[in-house]
Amino acid sequence: MSLLNPPHTIAQQRPPADGFGYANTSFRVEHRPVYGPHTQAELLITLDALAESGVKAWWYAAAAKGSYPMFPSKHLPYRDDAIDYYPWLTEQAHDRGIAIFSWEYLSTAPLLAAQHPEWCWRFFEWDGPQIERDRHYVCWNSPYGQMLKHYCVEVVDDLGFDGIWFDGSFMQGHHASGTFACCCQFCADKYRQQTDRELPEKIDLRDPDVRHYMEWRNQDHMAYWRSLSGHVRQQVPQAIIVFNFFNRIDCNIESACPLRRLADDAPQWPDDQSHGPMEGMISTEIGFYPQQTMLMAKILRAINDNYPVELWGYAQDSPTLSCQTPYPNPTPALLQAKICASTGGYASFGLGRESLDDYRAFLQALSHELEPLGPYIGGTPDATIGMLASGCTKDFGYVDDDAPLGRPEAGWATAHGMHQLLNALHLPTEILLDNMLSTKFLQRHQAVVLPEAICLPDTASMELQNYVEQGGTLLLIGDTGTRTETGDIRQAGLLDDLFGVTWRDNTSTLPTTTFSQQLRGHMNHVTGRITGGLPPQYTLPGLTRLVQASSEVLATACYNASPTRRYTPQGIVQPEEHIVAGASVLRAKIGQGQAYWVVPNIAASEATYGPNIYCRQLVDMLLSDIERPFTTDAPANVVINLFHHEDRKILHLVNIPPTFLTLGIGKTGLRTPIGQLSHDVYPTGPITLRVSGKSYKVSSPTHHSHLTISHDSHATVIRLDQLEQHAVLVLEPDTLN
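*Asks:* Before we move on, can you summarise the pairing of strand β2 (residues 57-60) with the specific residues and values?
*Replies:* Side chains Ala57 and Trp59 project from β2 onto one buried face, and the interleaved Trp58 and Tyr60 project onto a second face that is buried too. Relative to β2, strand β1 (residues 27-30) is paired through 2 bridges, and the arrangement is parallel. Its bridge partner being in β2, Val29 is matched across the sheet by Trp58. For the crossover that starts at β1, traverses helix α1 (residues 40-52) and ends in the parallel β2, the hand is right-handed.

Now the structure itself:
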């Protein structure tokens, strides 16, 4: 059985929990104890400040920093100065209309680790520094796994918390320590029992046995998430478990948080009883990389969409990546929250250790601007385009002798750049993950885009071909399917037969592309969209290995492969020129649909060097047959997301700062706080949208007096005079027209 494509279950899950309103609260704040509990008098001051500031969801904690329980737990060792007033605290929070969650660390239990060192994680071979925190991790395959479940029920049932927000939801050593876990005896026995294999001795992704282990470890980790959240919901149905998802630019395969869909997972092994729909909420931290807020929100929704997703950031606008900033400017936080809202999710913010009085103005500004958005966040996203964000490729596609742990930033750049390009074309886009390349998910989209999907599961070939035969449009960008799902090199690309590939170049280069006449079109005066305009010749950005194929060639490319000039005492030795030529853009018509292949990886270039007008025009032309839910003259940096709420449509427009368009990988800008980027927003307008279909009444909770509405026989036409950060447009059927 493929690790990435388990059979789907059809069991229906219970309705999602509400968590005392937490699931649909417009924003959340983290302000918790660090080294010891607050007094009841201090907590009353905090509660009143939160209530007066309009906060309705608060992370506190039943454990101090480092995972030291501060109440007399019946299941885990606790501090000597344990307190007994948590039920009073949660009742006080509810009296003020505030949902209260307990911040916990999933993997550390230092007091228990001291009692049972044999339960602790054992790291693979590691030559780096030893960190004390790494001795505090306890493996859930030990008895700790069941103890933690009982502890969680205790927190939400006996203490009255509305849920638990789990930080540290990973399987590596402490942040950036370089350690990989876990190879303890419990894990070794379980791995042997389930796979009939022995654990590898060290981590080297060039080793197929290690890659197999990493996939098992990912599944085992996610299975425990499902098991823990399901156990808590079974005991306390109204509680919500939130997991901090650690797969992002700075924390990749080492985290064991795979880019895989969880909600429809089925058992991987005969004794795995923790399968079924995922009953937890997925969150992540976006404070270090605000450029990826929108993409990460969509990735989280693909992973698990039982609840609206959540993204955490710093409540600060300083040049340092720290929560310790009193009196922060609310502008950065508002932009982050509005980007989250535009993708159907919510923002949470970490406050510093200062008095909440320092944050009162900040929180009031958030409440004032975000509270009216609450009824318009979420719904069913329009999924005109499905774009693959391939975790397999990111993890295994760039592993070689020079990079034994791979180059995951290359995968992130490709996903980021392609997502930005589709946003610039105003094509509503949702994310597909590696185990979503099946009819169940593909058929939701008019077009499916695979950007540099080097690693694909074997089953993807037939599923994608069936999708195209049934009328879908498939667009490949860059190298595709040349490795298996776990990184083994294929003799031929998985989708080569689709295009009749007969030869592949073995040199990565930037050839000059010559476009066919049909790709040098004209402006469509009906829609106002560019359907042509490419020059006769152009060097498409993005490295490529040219191919020759029997399918229709829409663009050819060539480069000079002659050796470098040599200098001798007799002068320059002029080498003989050798021109390599091949296809750069291909089209294959299959059944009722068609597949395109842009051979250069233009997506990664978009993230690395910024927007490229010719790349955008090329993709626009290849997807010109897509039936769009709306057309617009908005500039490329305005992103428009569409959600369906029963019989009404909700449009979110976000003015994206230019600094968000590139990732800055390898540059200092990669870790630039949102505070330094969010002020780079310039008002734009007017913007016109044509929403096809029946006549709609249009209103806006954000732009009451800036809208002009008209109708024709085919569309509702909306003119927005000016867009600053964010606008919401609500479209309801107009029964009078």
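*Asks:* Give a detailed account of the packing of helix α11 (residues 408-424) against helix α16 (residues 613-622), specifying residues and quantitative values.
*Replies:* Where α11 contacts α16, the two axes come as close as 10 Å, and the packing angle between them is 70°. Considered as vectors, α11 and α16 are oriented roughly perpendicular to each other. Seen from α11, the contacting residues are Met418, Leu421, Leu422 and Ala424; seen from α16, they are Cys615, Arg616 and Val619.

*Asks:* Lay out the packing of aromatic side chains in plain terms, naming residues and giving numbers.
*Replies:* As enumerated under the stated definition, the model contains 28 aromatic pairs in all. Arranged with centres 5.4 Å apart and planes meeting at 10°, the rings of Trp140 and Tyr224 form a pair that is stacked. With Trp140 in the loop between α3 (110-115) and α4 (144-158) and Tyr224 in helix α6 (residues 208-235), this pair connects stretches of sequence that are 84 residues apart. When its relative accessible area of 7% is taken as the criterion, Tyr224 is described as buried. Seen from their ring centres, Phe170 and Phe246 are 4.8 Å apart, and the 90° between their planes marks the pair as edge-to-face. Pair noted here: Phe170 is in the loop between β6 (163-167) and α5 (185-195) and Phe246 is in the loop between β7 (240-244) and β8 (281-285), with a separation of 76 residues, a long-range link. As far as the burial class goes, Phe170 and Phe246 line up, both buried. Positioned above the aromatic ring of Tyr22, the side-chain terminus of Arg28 is 4.2 Å from the ring centre. Here the basic side chain of Arg133 rests over the ring of Tyr105, its NZ or CZ set 4.5 Å away from the ring centre.

*Asks:* Please give an account of the sheet that holds β2 that cites residues and values.
*Replies:* Pairing is parallel around the closed barrel formed by 8 strands, whose spatial order is β1-β2-β5-β6-β7-β8-β9-β10. Neighbour to neighbour, the strand axes of the sheet diverge by 25° on average, direction disregarded. Pairing geometry for β7 and β8, over 3 bridges, is parallel. Following the sheet pairing, Asn244 is matched in β8 by Ser283.

*Asks:* Just give me the short version of the nonpolar core, but keep the residues and values in it.
*Replies:* In globular proteins that are soluble, nonpolar side chains generally tend to be buried together. Grouped together as the largest cluster of nonpolar side chains are 185 residues, with contacts concentrated most on Trp58, Tyr86, Trp225, Leu228 and Leu450. Take this core: its biggest share by element is 8 residues, from α4. Those residues in contact with Leu450, other than ones at most four positions away along the chain, are Leu388, Leu437, Leu456, Leu464, Leu474, Leu475, Leu476, Ile477, Thr480 and Leu495.

*Asks:* Explain the pairing of strand β15 (residues 473-477) residue by residue, including any values.
*Replies:* The element β15 is largely enclosed, with a buried count of 5 among its 5 residues. The alternating pattern of β15 places Thr473, Leu475 and Ile477 and Leu474 and Leu476 on opposite faces, both of which are buried. By the bridge criterion, 5 bridges tie strand β14 (residues 447-451) to β15 in an arrangement that is parallel. Along β15, the bridge assignment pairs Ala447 with Thr473. The parallel pair β14 and β15 is bridged by helix α13 (residues 460-469), and the resulting crossover is right-handed. Two strands pair when backbone bridges link them, and β15 and strand β24 (residues 593-598) are joined in this way by 5 bridges, in the parallel orientation. When the bridges of β24 are listed, Leu474 appears paired with Ala595.

*Asks:* Break down unusual backbone geometry for me, citing the residues and quoting the values.
*Replies:* For the peptide bond that leads from Ala181 to Cys182, omega is 10°, which places it in the cis range. In this chain, Gly685 is followed by Pro686 through a cis amide linkage whose omega measures 0°. Along the chain, Pro686 falls in the loop between α17 (674-677) and β28 (687-692). One non-glycine residue, Glu452, lies in the positive phi region at around 45°. On the accessibility criterion, Glu452 (11% relative accessible area) is buried. A positive phi angle, close to 55°, is found at Glu646, a residue other than glycine. Along the polypeptide, Glu646 turns up in the loop between β26 (638-645) and β27 (648-655).

*Asks:* Please give an account of the confidence of the model for the protein that cites residues and values.
*Replies:* Across the protein, the average pLDDT comes to 88, with 88% of residues at or above 70. Counting interchain partners and residues more than four positions distant, the pLDDT-below-50 stretch residues 266-275 has 26 contacts.

Calculation rules
Residues numbered from 1 in each chain as written. Predicted model: local features only at pLDDT ≥ 70, side-chain atom pairs only at ≥ 80, totals over all residues. Heavy atoms only, no water. Buried < 20%, exposed > 50% of the residue type's maximum accessible area, 1.4 Å probe, protein only. Helix = DSSP H or I, 4+ residues; strand = E, 2+ residues; numbered from the N terminus. Pairing = 2+ DSSP bridges. Right-handed = clockwise from strand over helix to strand, strands pointing away. Axes fitted to C-alpha atoms, helices over the stretch in contact; angles between N-to-C directions. Parallel < 35°, antiparallel > 145°, perpendicular 65-115°, else oblique. Contact = heavy atoms within 4.5 Å. Phe/Tyr/Trp six-rings, centres within 6.5 Å; stacked < 30°, edge-to-face > 60°. Lys NZ or Arg CZ within 6 Å of the ring centre and 35° of its normal. Core = buried A, V, L, I, M, F, W, Y, C linked by side-chain atoms within 4.5 Å. pLDDT = per-residue confidence, 0-100.

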